[in-house]
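Summary of the model geometry
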Amino acid sequence: MTPAEPTRTATDQALPPASPDAVHIETRGIDHIPDDERHGRPRDLLFVWAAANVNYLSVVLGGTLVLLGLNTWQALLVVVLGNLFWVFNGILAVSGPVAGTPSSVQTRAIFGIRGNRVSTVLTNWSVCVAYGAINLAMGALASFALLNQLGVPVTTATRWAVVLVLAILTIVVSVFGHALILRLSPAFTWMLTITLTVLAGFVVADAEPGKQPVDAPQGDDLLAMALLGFTIIASNPLSWGTGSDYSRYLPADSSPRAVAGWTALGGFIPSVLLGAVGVLAGTAVDMTDPQVSLSEIVPGWFYPLFLTAIVIGSIAGNILTMYSSGLALQAVGLPIKQWAAVLLDGVASVAIAAYALFVTDFIDALGQILEITVAILGPGLAISVTDLILRRNRYSGPGLHNETPTSAYWYHGGVNMAGITAQILGTTTALLFINSTDFQGPLAVALGGADLSALVGPVIGAGLYAVLFKRLYATQLAAARADL
């Protein structure tokens, strides 16, 4: 069902969907967006999120499921179920038009004015930088392969130059900000969709859906591998708890259903379709080194286009990551402009990407980052969704920017003990159930390697927060539910 949007008058419909100039640097950082600067329509969010997710990462993750030993139908089911977490990001985007603030400020309601500074570093900023490094490294690897195709020697100096150029392109768009992101998103989406649809055609032509993986797991081992695959797939939507960063410029009366629907669909649809392409590709080639192995099933003329699509997709996804990481760094309390925050985050991502590319194995580094971040982000997003439901999406944008003890979000000494406790215990529980390359939680070992971190962490985090917040802050909850 198509998400509904509020009825607009003829005058409203005559207005352009976006008014800011996309070629000027955004002046707003984490500031509250006043009503006279609101613009756009909820359906614009479809392209914002599609542009960031019509990329090669989903193909790689889908192929990983085959490497775990799942057959085609088992892997496809895991792809669909793991991507259902996009609903979380859709729900969180609903707070954007109401509060007019980014996610890293909205979470002050959950962790308190002071507590949010620590939480933002651990659960928002650090993860954004890590995923920025993943996207940067993936784009760099494709660029190296493309240069090889063009006969350009790939030396250490060349590799560094490629990483820096990709980082600069990403940072420039992120610095110009929200308006330019909205302007470029449809172009990125259609360009990447066309190229990856052609790739899908070649993959389907060579795929063997009925092929059974060598040494396919059975019984309890199969369940353990399926759960591990679920955690890997879920890591992508769980990394995007920043829906309100891009919905905060919408008019305050925008349809919540439309905001949630277009945001969730923009991530879910491309992630599932491209994850399926990765699964099918895994039945035709070895997905251990997919950028190289896929050259076996695509014609020579298309392979450079395919590599170019990977590079563009990594930039498109990284633009949102860097933009949100800049907002998060400001929310921590650093008195710097958005452009400076993005620049600092870009430097951090380059350093991590360089480590993954030049010091360790990229695929191993990717798996380690994805697995660990699920334990942090899963409970955090579930807590945020729970808070939104408990408050009935009642947030005061100006109030969230009041950082004094008079703030409604001050709680105990600037800390919401319900949020902090739920996050810590939710993450701790998830770690007990995690089954990663370098670390196995004791409960995962007891269950034969079954990784339940993506399920248990959110449930514990959300349940604890609901109970503790109602018990500790009943007065604040009642005030929040009242009309602001």
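Please read all numbers here as calculations on a predicted model, not as lab measurements.

Looking at the overall build of the chain
Regarding its fold elements, the chain presents 23 helices and 0 strands. The globule rule puts the C-alpha radius of gyration for 484 residues at 23 Å, and the 22 Å found for the chain is close to it. Oriented by its inertia axes, the alpha-carbon framework of the chain measures out at about 65 × 55 × 45 Å. Going through the 484 residues of the chain one by one, you find that 58% of them count as buried. Look at the contacts in the chain between residues 6 or more apart in sequence, and 85% of them connect residues 24 or more apart. Of the roughly 19100 Å² of accessible surface on the chain, 67% is carried by carbon and sulfur atoms. Taking the 20 positively charged and 28 negatively charged side chains of the chain as two groups, their mean positions are separated by 14 Å.

Some words on a nonpolar patch on the surface
On the surface, W160, L164, I168, V172 and F358 cluster together to form a nonpolar patch covering roughly 430 Å² of accessible area. Sorting elements by how many residues they give to the nonpolar patch places helix α10 (residues 156-176) first, with 4 residues. A residue is classified by how much of its surface remains accessible, and W160, at 36% relative accessible area, is partly exposed.

As for the pattern of salt bridges
Should their charged atoms come close, side chains of opposite charge can pair. Applying the stated criterion to the full structure yields 7 salt bridges. Notably, a salt bridge pairs R28 with E37, separated by 2.7 Å at the nearest N-O pair. The shortest N-O distance in the salt bridge between D44 and R41 comes to 3.5 Å. Take R41: its relative accessible area is 25%, and that puts it in the partly exposed class. Each of the salt bridges in this network shares a partner with another, and the network as a whole consists of R28, D31 and E37.

As for the nonpolar core
Proteins that are soluble and globular tend to have nonpolar side chains buried together. Among the nonpolar cores identified, the biggest contains 122 residues, and L65, F306 and L320 are the most heavily contacted of them. What F306 contacts, discounting residues up to four positions off in sequence, is Y56, T195, L199, Q291 and L294.

Procedures and definitions
Residues numbered from 1 in each chain as written. Predicted model: local features only at pLDDT ≥ 70, side-chain atom pairs only at ≥ 80, totals over all residues. Heavy atoms only, no water. Helix = DSSP H or I, 4+ residues; strand = E, 2+ residues; numbered from the N terminus. Rg over C-alpha atoms; globule rule 2.2 N^0.38 Å. Buried < 20%, exposed > 50% of the residue type's maximum accessible area, 1.4 Å probe, protein only. Contact = heavy atoms within 4.5 Å. Areas by Shrake-Rupley, 256 points an atom, 1.4 Å probe, with all protein chains shown as cover. Lys, Arg positive; Asp, Glu negative; His and termini not counted. Charge placed at Lys NZ, Arg CZ, Asp CG, Glu CD. Patch = residues over 30% accessible without salt bridge, like charges linked within 9 Å, V, L, I, M, F, W, Y side chains within 5 Å. Salt bridge = Lys/Arg side-chain N within 4 Å of Asp/Glu carboxyl O. Core = buried A, V, L, I, M, F, W, Y, C linked by side-chain atoms within 4.5 Å.

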